[in-house]
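Next come the chains, spelled out residue by residue.
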Amino acid sequence: AAQRPRAGLDGESRVMLRPRLLAALVAAHVLSSALHFADSALRFDHYHDEAKLLLNPVIVVIAWFLQTGLGLTGLALQRRGRAAGRPLLVAYGALGLAGLLHYLAPPAGGLHAEMQVLIGLEAATGLALGLILVLTWKDEPRPSSRTADT
């Protein structure tokens, strides 16, 4: 009797990217980043004075919308089979790791427990999204090259 492949793997043991899995990972990352950015905007008074020279709560919120727009654009392009979708989604996942930069210059009094959980959650969802996209990249069909008939 033939062995059945494990869930999520094809017969050659390659990881397969399933549209529902991708959508769930993007949704999880949108939610985790929204929580982290909202916390950062609401507790902006905890930031160092140097950070306040470059940022303010409005910029934090705008940055979230721009970052999320990148991810949702990537998802839409990926669903349409466009090659640009995957790199945009990888970039979106990588941006989730940027929250770890809070540890380079923690606020006075340190990072409160909620902030650490939200940073960790955003980093974990970004990493999961990026990893699954990179691990399945080689399995995507390549666009055929077109040659001009002369």
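Residues numbered from 1 in each chain as written. Predicted model: local features only at pLDDT ≥ 70, side-chain atom pairs only at ≥ 80, totals over all residues. Heavy atoms only, no water.

Chemist: What's the story with the side chain of Q67 in this structure? I'm lost.
Modeler: Locating Q67 in the fold gives a position in helix α3 (residues 57-79). The contacts of Q67, once residues within four sequence positions are left out, are H29, S33, F37, Y92, L95 and E122. (Helix = DSSP H or I, 4+ residues; strand = E, 2+ residues; numbered from the N terminus. Contact = heavy atoms within 4.5 Å.)

Chemist: How do you make sense of the packing of helix α1 (residues 19-42) against helix α4 (residues 85-95) when you look at a structure like this?
Modeler: Helix-helix packing: each pair is described by the crossing angle between the helix axes and the interaxial distance. Viewed as axis vectors pointing N to C, α1 and α4 meet at an angle of 35°, and their least axial separation amounts to 11 Å. Where α1 crosses over α4, the two elements pack in a sense that is left-handed. Counted together, L22, V26, H29, V30 and S33 of α1 and L89, Y92 and G93 of α4 form the full contact between these two elements. Taken together, the residues of the contact of α1 with α4 break down into five nonpolar, three polar and no charged. (Axes fitted to C-alpha atoms, helices over the stretch in contact; angles between N-to-C directions. Left-handed = near helix turned anticlockwise from the far one by under 90°. Nonpolar A, V, L, I, M, F, W, Y, C, P; charged D, E, K, R; others polar.)

Chemist: When you look at α4 in this model, what are you seeing that I'm missing?
Modeler: Because an α-helix packs 3.6 residues into every turn, residues spaced three or four apart end up facing the same way. Residues of α4 that are buried: G85, R86, L89, Y92 and G93. Along the axis of α4, the buried positions cluster into a sector of 120°, meaning they face one direction only. Residues of α4 that are buried sit in contact with α1, α3 and α5 (113-136). (Buried < 20%, exposed > 50% of the residue type's maximum accessible area, 1.4 Å probe, protein only. Arc of directions from axis to C-beta.)

Chemist: Whenever I open this one, the packing of aromatic side chains confuses me. Can you help?
Modeler: Centre distance and the angle of the planes are the two values used to describe a pair of aromatic rings. For the structure on display, the rule yields one aromatic pair. Aromatic pair W64 and F65: ring centres 4.9 Å apart, planes at 75°, arrangement edge-to-face. Judged by relative accessible area, W64 falls into the buried class, the value being 15%. The exposure class assigned to F65 is exposed, which follows from its relative accessible area of 54%. (Phe/Tyr/Trp six-rings, centres within 6.5 Å; stacked < 30°, edge-to-face > 60°.)

Chemist: Sorry, what's going on with the nonpolar core here?
Modeler: Ranked by size, the top nonpolar core spans 10 residues in total: L17, L22, L25, V26, L75, L89, Y92, L129, I132 and L133. Contributing elements (two or more residues each) for this core: α1, α4 and α5. Residues within four places of L22 in sequence aside, it is in contact with L17, L75, Q78, L89, L129 and L133. By size, the runner-up hydrophobic cluster in this structure holds six residues, among which are F37, F44, Y47 and V60. (Core = buried A, V, L, I, M, F, W, Y, C linked by side-chain atoms within 4.5 Å.)

Chemist: Would you mind showing me how to read the pattern of salt bridges here?
Modeler: When the charged atoms of two side chains with opposite charge come close together, those side chains can pair. Taken as a whole and assessed by the stated rule, the structure comprises one salt bridge. Close ionic contact of D39 with R43 constitutes a salt bridge, the shortest N to O distance being 2.6 Å. D39 gets classed as buried once you look at its relative accessible area, which sits at 9%. (Salt bridge = Lys/Arg side-chain N within 4 Å of Asp/Glu carboxyl O.)

Chemist: Can you help me understand a nonpolar patch on the surface in this one?
Modeler: A surface patch of nonpolar side chains, amounting to about 530 Å² of accessible area, comprises L97, L100, Y103, L127, L131 and L135. Examined against the element boundaries, L135 turns out to sit in helix α5. (Patch = residues over 30% accessible without salt bridge, like charges linked within 9 Å, V, L, I, M, F, W, Y side chains within 5 Å. Areas by Shrake-Rupley, 256 points an atom, 1.4 Å probe, with all protein chains shown as cover.)

Chemist: Whenever I open this one, α1 confuses me. Can you help?
Modeler: Between its terminal C-alpha atoms α1 stretches 34 Å, which fits the 34 Å expected from 24 residues at 1.5 Å a residue. On its buried face, α1 sits against α3, α4 and α5. (Expected span 1.5 Å × (residues − 1).)

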